[in-house]
Amino acid sequence: MIAINWYIIQPMKLYQSTFVMIKPDAIDRNLVGRIISRFEDAGLILDSLKISKATIHKLQNNYLPNINWFEKVGNKVLANFSNYSLDVKKYLNTRNPAKIGEMIYKWHLRDLRDKNILAMVVSGPHVIDRVKQLVGVTEPLEAMRGTIRGDWCTDSIVYANTQRRSISSLVHRSSDVFEAKRQIGVWFQ
């Protein structure tokens, strides 16, 4: 009986659903159809699609503020500024990673607030990993060609931050199963 349950349960863990948000910058550039095609061409299933207004409440529940995230993002910004021999303090008035991350979090909410987004539930085997591969890394300059960000992003972390705004990265994706479940709940209640 235990072996039968294992065979029944294991494949279900491999078939997942995740959350993907097509952001306003992609909508403004008429990339929605091309982005959706990337997921469909990869054999993933679009279970739900919904145009939604990005209210501050939904955004705060989608992007939960977290000191570890602030520090991680802040350290990435510090490294990027260093790579260009730019003084981060000149642009952001601090070198504190947590403060930089919090600043970027606030810019991100401000830049998305009250704009239309396309919320999607995407499903399939290993969907979280597949979506990560299709989307590419957050820094467009490092995103591989053939990924959504590598092919269509024209921004960079340094360029965005020197303008005191969040990066235009076209899409958001959930990082793991728990985040996916929570984010699906935020946009599809």
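In what follows, the structure referred to is the one given above.
Residues numbered from 1 in each chain as written. Predicted model: local features only at pLDDT ≥ 70, side-chain atom pairs only at ≥ 80, totals over all residues. Heavy atoms only, no water.

Participant: Sorry, what's going on with the side chain of Thr18 here?
Facilitator: Locating Thr18 in the fold gives a position in strand 1 (residues 15-22). For Thr18, the residues in contact, after removing those within four places along its chain, are Met120, Val121, Val122, Val127, Ile128, Val131, Ser174, Ala180 and Ile184. (Helix = DSSP H or I, 4+ residues; strand = E, 2+ residues; numbered from the N terminus. Contact = heavy atoms within 4.5 Å.)

Participant: Is there a simple way to think about the pairing of strand 1 in this case?
Facilitator: Within a regular beta strand, the side chains point alternately toward one face of the sheet and then the other, so they alternate between its two faces. The buried count for strand 1 comes to six of eight residues, which makes it a mostly enclosed element. Across eight bridges, strand 1 lies against strand 3 (residues 116-125) in antiparallel orientation. Across the sheet, Val20 pairs through a bridge with Met120, a residue of strand 3. Alignment of strand 1 against strand 4 (residues 171-173), held across three bridges, turns out to be antiparallel. Looking at the pairing, Ile22 lines up with Val171 of strand 4. (Buried < 20%, exposed > 50% of the residue type's maximum accessible area, 1.4 Å probe, protein only. Pairing = 2+ DSSP bridges.)

Participant: It is not clear to me how the nonpolar core should be interpreted in this structure. Could you clarify?
Facilitator: For soluble globular proteins, the rule of thumb is that nonpolar side chains tend to be buried together. Grouped together as the largest cluster of nonpolar side chains are 21 residues, with contacts concentrated most on Ile22, Ile35, Phe39, Met120, Val131 and Leu170. Elements with a contribution of two residues or more to this core: strand 1, helix 3 (32-41), strand 3, helix 8 (127-135) and helix 9 (148-152). If near-sequence neighbours (up to four positions away) are discounted, Val131 is found in contact with Thr18, Val20, Phe39, Leu44, Val122 and Arg173. Among the nonpolar cores identified, the runner-up in size contains 15 residues, and Phe19, Met21, Val121 and Val186 belong to it. (Core = buried A, V, L, I, M, F, W, Y, C linked by side-chain atoms within 4.5 Å.)

Participant: Would you mind showing me how to read the environment of Lys99 here?
Facilitator: For Lys99, the location among the structural elements is in helix 7 (residues 97-112). Sequence spacing of Lys99 and Val73 is 26 residues, and the spatial spacing of their C-alpha atoms is 9.9 Å.

Participant: What is the right way to look at the packing of helix 5 (residues 67-83) against helix 7 in this model?
Facilitator: Describing two packed helices takes the angle between their axes plus the distance from one axis to the other. Contact geometry of helix 5 with helix 7 gives a least axis separation of 6 Å together with a crossing angle of 100°. Classified by the angle between their axes, helix 5 and helix 7 sit roughly perpendicular to one another. Each of Ile67, Trp69, Phe70, Glu71, Val73, Gly74, Asn75, Val77 and Leu78 in helix 5 lies in contact with helix 7, whose residues at this interface are Pro97, Ala98, Ile100, Gly101, Glu102, Ile104 and Tyr105. (Axes fitted to C-alpha atoms, helices over the stretch in contact; angles between N-to-C directions. Parallel < 35°, antiparallel > 145°, perpendicular 65-115°, else oblique.)

Participant: Honestly, helix 8 in this entry has me stumped. Any pointers?
Facilitator: For the α-helix, the turn length of 3.6 residues means that residues three or four positions removed from each other point alike. Taken as a whole, helix 8 has its buried residues at Val127, Ile128, Val131, Leu134 and Val135. Projected down its long axis, helix 8 shows its buried positions confined to an angular sector of 125°, all on one face. Backbone geometry just downstream of helix 8 places Gly136 in the positive-phi region, at approximately 90°. (Arc of directions from axis to C-beta.)

Participant: Help me out: how do you make sense of the pattern of salt bridges in this one?
Facilitator: Side chains carrying opposite charge are able to pair once their charged atoms draw close together. Per the counting criterion, the structure on display carries eight salt bridges. Here Asp87 ties to Arg95 by a salt bridge, and the two come within 2.8 Å at their closest N and O atoms. A residue is classified by how much of its surface remains accessible, and Asp87, at 36% relative accessible area, is partly exposed. What makes Arg95 partly exposed here is its relative accessible area of 47%. Of the charged contacts, one joins Lys106 and Glu102 as a salt bridge, the two residues approaching to 3.6 Å between their closest N and O atoms. (Salt bridge = Lys/Arg side-chain N within 4 Å of Asp/Glu carboxyl O.)

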